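# Residue-level structure breakdown
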Amino acid sequence: MSVADRERWDERYARYLSGEKEPAFKTDELLLNHGALFQGDGDALDVATGLGGNALWLSEQGYRTTAVDCSANGLSLLSAEAARRNVAVDTQIVDLDDWQWPGQAFDVLCVFRFLNRNLFDAMNDSLRPGGLLVYQTFNTNFLIDKPGFNAEYVLADNELNESFANFEVVVNDQTGSTTRYIGRKT
Ligand SMILES: C[S@@+](CC[C@H](N)C(=O)[O-])C[C@H]1O[C@@H](n2cnc3c(N)ncnc32)[C@H](O)[C@@H]1O
């Protein structure tokens, strides 16, 4: 990624550090609504974690949780909140474009509001057999309301099903402008 892109994300999270905005550390409903799938055994990765509300939740379920993002500011807010809750989250400042993804290292891999198709193979390889991929981001319907949005960053119809063809589909909800997907690696 470019320096300008990383600085843009850091500036966004700096508003929380300065107190201008209140961080919410929100857990997404896709996880909460399917909580029974997440038994807390093993290792979890939250990709492009942001403020890390989902990483915190995974850690609270019992997973050894790693949260990766390019923004040092976002991750410092996450670390402070993890300490406040007395849970462990391993935060790593990485550029996902260049990251050496560990092979077969995770039992849960979450991606929320981030799309880089070049990373799909690495995500697949990073999950252990039986592991869960949780993916939620905008789909092409989003362009109806926001035609100026970069079409590269929205999912096509059934794109995750097709890209992760070796996964058993648990959830594939494409209603509205967001795709909510959970698949189990076979
Ligand atoms: C829209 S936010 C989503 C954050 C979080 N997953 C959520 O749903 O709240 C996208 C995140 O991706 C991170 N990001 C974007 N490009 C990245 C890259 N190449 N490497 C690492 N992180 C990146 C940004 O810092 C930002 O936190």
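Refer to the structure printed above.
Computed from a predicted structure; not experimentally measured. (Residues numbered from 1 in each chain as written. Predicted model: local features only at pLDDT ≥ 70, side-chain atom pairs only at ≥ 80, totals over all residues. Heavy atoms only, no water.)

Our next topic: the site of the ligand. Neighbouring the ligand are 15 residues, the closest being Tyr13, Ala48, Asp69, Phe112 and Arg113. The contact in question runs from a nitrogen atom of the ligand to an N or O atom on the backbone of Leu96, over 2.8 Å. For the ligand, the protein covers 85% of the area, taking 600 Å² as the surface of the free molecule. Most atoms of the ligand, that is more than half of them, are within 2 Å of grid points of the largest pocket. Partitioning the shell around the ligand into residue classes produces nine nonpolar, two polar and four charged. (Near = heavy atom within 4 Å. Polar contact = N/O pair within 3.5 Å; in protein donor to acceptor, adjacent residues only side chain to side chain. Areas by Shrake-Rupley, 256 points an atom, 1.4 Å probe, with all protein chains shown as cover. 1 Å grid on protein atoms, 1.4 Å probe; cavity = no way out; pocket = protein on both sides within 12 Å on 5 of 7 lines; lining within 4 Å. Sits in = over half its atoms within 2 Å of the grid points. Nonpolar A, V, L, I, M, F, W, Y, C, P; charged D, E, K, R; others polar.)

Attention now moves to the sheet that holds strand E7 (residues 178-185). With mixed pairing, seven strands are arranged side by side in an open sheet as E3-E2-E1-E4-E5-E7-E6. Of all the strands in the sheet, just strand E3 (89-93) and strand E6 (167-173) have a single pairing partner and so form its edges. Recorded for the sheet is a direction-independent mean angle of 15° between the axes of neighbouring strands. Across seven bridges, strand E5 (residues 127-138) lies against E7 in antiparallel orientation. Residue pairing across strands places Leu133 opposite Gly183, the latter belonging to E7. (Pairing = 2+ DSSP bridges. Helix = DSSP H or I, 4+ residues; strand = E, 2+ residues; numbered from the N terminus. Axes fitted to C-alpha atoms, helices over the stretch in contact; angles between N-to-C directions.)

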